[in-house]
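The primary structure of each chain is shown beneath.
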Amino acid sequence: MIPARRPYAPEIAVDLRHRAEADQRARQYLLRTGEAGDLFQVDAENSAWLKAVVAEHGWPGITLVGEQGADDAWLIVQHADREPAFQRDVLALLEAAVDDGDASPRHLAYLTDRVLVNSGKPQLYGTQYAGEGENLRPQPVRDADHLDQRRAAMGLEPAASYDQRMRATYAPTEKEPTA
């Protein structure tokens, strides 16, 4: 039996959008300056808020918050690395949401890898990288010979294309001068 879909909650979607924008501003600041700024505070506030939403509504999937809201919710949990138990709990909810067509398989792939890597295990989909600049490398991957097949099944681009995009995105840049 398919669980009843919750009605659209625009107020949650709006909050998710604002929180995801704050997340991205904090991360862009880190990339530009090499300084964390308010990144840890943003992550902590976003995680606490999302925990409360999940406790009340379950995973905020497409039905509850729309496509953009679902993307934003995933981004927040993806960056909740100081809350590994929460990420693991959400992983199970996200898997069920994907099975119900209420979440993106891509989100599931990324969060699966994040949870595995944060647990010291090899990732499945090759989405997680470590290092900086020329030292940027994918974290270890289980069964690398079948990586692109697993990626395709989740709607992800081939690993080589993703690697190029990651290197272009996280190439070293000039740091802002500090006053």
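Our subject is the structure listed above.
Residues numbered from 1 in each chain as written. Predicted model: local features only at pLDDT ≥ 70, side-chain atom pairs only at ≥ 80, totals over all residues. Heavy atoms only, no water.

1. Things to note about the pattern of salt bridges
Here comes step 1: For the structure shown, the criterion picks out 10 salt bridges.
Here comes step 2: Across the pair Asp71 and Arg106 runs a salt bridge, and its minimum N-O distance is 3.7 Å. In this pair, Asp71 sits in helix H3 (residues 62-78) while Arg106 sits in helix H5 (residues 105-118), placing the two residues 35 residues apart along the sequence.
Here comes step 3: Here Asp71 falls in the partly exposed class, since its relative accessible area comes to 27%.
Here comes step 4: Take Arg106: its relative accessible area is 29%, and that puts it in the partly exposed class.
Here comes step 5: Asp143 is paired through a salt bridge with Arg150; the nearest N and O atoms lie 3.5 Å apart.
Here comes step 6: By relative accessible area, Asp143 is classed as partly exposed at 39%.
Here comes step 7: Given the relative accessible area of 18%, Arg150 is considered buried.
Here comes step 8: Salt bridges sharing partners connect three or more residues here, namely Arg17, Glu21 and Asp72. (Salt bridge = Lys/Arg side-chain N within 4 Å of Asp/Glu carboxyl O. Helix = DSSP H or I, 4+ residues; strand = E, 2+ residues; numbered from the N terminus. Buried < 20%, exposed > 50% of the residue type's maximum accessible area, 1.4 Å probe, protein only.)

2. Quick notes on the packing of aromatic side chains
Here comes step 1: Using the criterion set out here, one finds three aromatic pairs in the structure.
Here comes step 2: Summarising the aromatic geometry, the rings of Trp74 and Tyr110 are spaced 5.5 Å apart at their centres and angled 75° between planes, so their arrangement reads as edge-to-face. Placement of Trp74 in helix H3 and of Tyr110 in helix H5 is noted, with a sequence separation of 36 residues between them. You'll find Trp74 and Tyr110 in the same group, each marked buried.
Here comes step 3: Relative to Tyr162, the ring of Tyr129 has its centre 5.8 Å away and its plane inclined at 70°; by these criteria the two rings are edge-to-face. Pair noted here: Tyr129 is in strand E1 (residues 129-130) and Tyr162 is in helix H7 (residues 159-169), with a separation of 33 residues, a long-range link. (Phe/Tyr/Trp six-rings, centres within 6.5 Å; stacked < 30°, edge-to-face > 60°.)

3. Notes on the nonpolar core
Here comes step 1: Core analysis: the biggest nonpolar cluster contains 40 residues, and Ile12, Leu16, Leu50 and Trp59 have the highest contact counts within it.
Here comes step 2: Residue assignment for this core shows that the elements contributing at least two residues are helix H1 (10-33), helix H2 (39-57), H3, helix H4 (84-99), H5 and H7.
Here comes step 3: Per-element accounting of this core gives the leading share, eight residues, to H3. (Core = buried A, V, L, I, M, F, W, Y, C linked by side-chain atoms within 4.5 Å.)

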